[in-house]
Every structure is written in C-alpha cells, then in structure tokens.
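What the coordinates show
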Amino acid sequence: MIKKYQLLPLFAGLTAIFCTGCSSAEKQISYEKQLLYFDTIIQLQFYANESGGELMEYCEQLCADYEKIFSRTDPDSELYKINHRTASSVEVSDEIADLIATGLMYYEISEGTFDITVAPLSDLWDFKSEDPSLPSETEITAALSHVNASSVSLNGNLLTFRDEHTMLDLGALVKGYAADHMKEYLTANGVTSGNLNLGGNVLTIGSKPDNTPWRIGIQMPFDSRGTLADVVEVSDQTVVSSGIYERYFEKDGIVYHHILDPHTGYPTNQDVWGVTIICDSSLTGDALSTTCLALGYERGRELIESLEDTEAIFILKGGEIKKTF
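Residues numbered from 1 in each chain as written. Predicted model: local features only at pLDDT ≥ 70, side-chain atom pairs only at ≥ 80, totals over all residues. Heavy atoms only, no water.

What follows deals with helix H7 (residues 282-295). The first and last C-alpha atoms of H7 sit 19 Å apart over 14 residues, in line with the 20 Å expected at 1.5 Å per residue. In terms of burial, H7 is a largely internal element, 13 of the 14 residues being buried. Structurally, the start of H7 carries an N-cap: the backbone nitrogen of Leu283 is 3.3 Å from a side-chain oxygen of Ser281. Gly296 occupies a position one or two residues after H7 and carries a positive phi of about 95 degrees. (Helix = DSSP H or I, 4+ residues; strand = E, 2+ residues; numbered from the N terminus. Expected span 1.5 Å × (residues − 1). Buried < 20%, exposed > 50% of the residue type's maximum accessible area, 1.4 Å probe, protein only. Polar contact = N/O pair within 3.5 Å; in protein donor to acceptor, adjacent residues only side chain to side chain.)

Below is the structure:
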C-alpha cells in the first residue's frame, strides 16, 4: 500500500496594519501577502510607506514572470521550450543563464551530486501524483543515460547540449533566485525590514522594526507541522531548509522522497533528514541545502566549513541535530 504525503495550498490575502511600538522614524505599514507559486506557499511581509502596495504587486508579478520562465511543465515557459528544442544550441535569457551557471558550478563542487539535468528522473518519480508508483529498473536505467550535467555547456547566453534527450530541472534553485531578486528590489526602494518566506526558503531584510533579530523556526522532519527542531535568530540573512520529509510517499515501509541521486536514479540514501543553511544569498542557500542533503553529514559539513560566512544545521536520521556553529 502506498501512502502519499503533500502539503495543501492555502489561499492568498493582503493585509496592511500599522507597526506599533516603533520609534517615530520607524512608523511604517506592515504589508503581508500569501501566494502560491513554484509549487509552494509563499508568504511575504515587509514594512514600507504608502507605496508598499505597489512594491507588493511587483513582488507578485516577479513570481509570475519567473514561473513563466522556469516552469518545466508549462508549454509556454522558456524552460519547457528549451527542454523540447529542435537544435543542439539554444539562445537563452539572462535568467535561465544565471541559474544554469549556478547549477553547473554546484555540479562541480558536489562532484556530480547536484545535477540540473535530472529532469528525466524527476518525470519518472512523480511525487505530485494522486497515486504514486515506483519506476521500473528499465525506466530508471533509460533515464539515467541522459542525466549528466557535463554534457551541457554555457557560453554567455548560448546553451549547448551534446545529448538531444537531456532536459533541465532548475526547481532546486528558483525559490532562492526569486527571493534574492525580491530583496534587491525592495531594499532599492527603501524597505529596511522584512521577511520573505518562499516555502522553507526564508530571506530576511534587516532586523525586525524593533531592531531585534528575526526568529526563524526549523521544522522537525516527519513530525506535525509547527513542531520545531530548532530556532535561529538572523538579521539580513537567509535561512534555507531542504528535507526528505517535504514531498514523499511510502511503500511497503520504505520512504521514497524527492531528492534524487543522479548516480543511482533513486532517492538519496544518506544519514540526513534535513539540512538548513544560514548565509547571505538565498540562491546559495538553495544550492547548498540540496547539495549537503545529497552528500550526507560528513561530506556536507566539510563543504560548509570550507565556505566563509556560511553555517549549517543538519538533522540526522532519528532527529539528532548537528551544527557547524
């Protein structure tokens, strides 16, 4: 029997309330909105003057625009057209080029564990299905033959494929990319305090209006929603979590999750339930959280400790917590 687990979407809304308990210079309006993009719930909150409504509209439009660029399933999206190309080389947008360049960099850093060409495998492991099933060995072997990021090259905006069947999946990077660009826009327009939560990818703008750090809760894997493994305090940083508990199904007592191993074609089998990265860039946090989850605790910790201004919290199988700080 197969048990399927998936988060249910919530409805979006926009509220504006005055910040109380702030100094006169800090009196602004708190703008909040909940959206559904990138197959996840997005919760945006920031403090601004009366122009905050227009700023929020921009953030929502940015999400809509990025969905039209990066969606793997929308026939009108740029990524879909790239994956269904008729030539070996394609001229791509700056946004696609940015994420491919990042993906190829982490492919090298992770020694092939982080691979943006896993799309054929992602299609086999359909965790969104109402009735998920295990792919056959034959299907996995066939898909694996087209998973190899080293067969993709990027020269400026010219993307070249050596394998006509190679397809890209940039889903592990899109939320971080969107969050970073939202923050860049908001800070350029005077926002000094905010909290952007893109489905477990939290990016803070400055501190809270009372100058205290933002407190970000880290979900305990496989426990009821809201049960926290830890709480971190940050200001003007990002807290990005990835875990095998976010989207998975269970068959015959075995959990099959959505973090796939590009070497085996199956979900990664490591000693880690979840990884949280604390750093300055949400795109970096996205890439590192997935990479460290796939590498496992020892190799993941070694990677984090080799990087400046970057920390991690590892939740090992069974719930044990290990930190790099």
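This part takes up the nonpolar core. Formed by 80 residues in total, the largest nonpolar core has its most connected members in Phe38, Leu44, Phe70, Ile96, Leu170 and Leu198. Broken down by element, the residue count for this core peaks at eight residues, all from helix H1 (residues 52-70). For Leu44, the residues in contact, after removing those within four places along its chain, are Tyr31, Glu32, Lys33, Leu35, Met56, Cys59, Met182, Asn195, Leu196 and Leu198. Among the nonpolar cores identified, the runner-up in size contains ten residues, and Val118, Leu121, Trp125 and Tyr256 belong to it. (Core = buried A, V, L, I, M, F, W, Y, C linked by side-chain atoms within 4.5 Å. Contact = heavy atoms within 4.5 Å.)

Spatial ordering of the open sheet is given by S5-S7-S6, a layout of three strands whose pairing is antiparallel. Looking along the sheet, the strands with just one partner apiece sit at the ends: strand S5 (89-91) and strand S6 (152-155). Taking each pair of neighbouring strands and ignoring which way they run, the sheet shows an average axis angle of 20 degrees. Sheet topology note: the S6/strand S7 (residues 158-161) ladder contains four bridges and is antiparallel. Bridge pairing in S7 places Leu154 opposite Leu159. Across the sheet, helix H3 (residues 94-109) lies against S6 and S7, angled at about 125 degrees from S6, the strand it touches most. (Pairing = 2+ DSSP bridges. Axes fitted to C-alpha atoms, helices over the stretch in contact; angles between N-to-C directions.)

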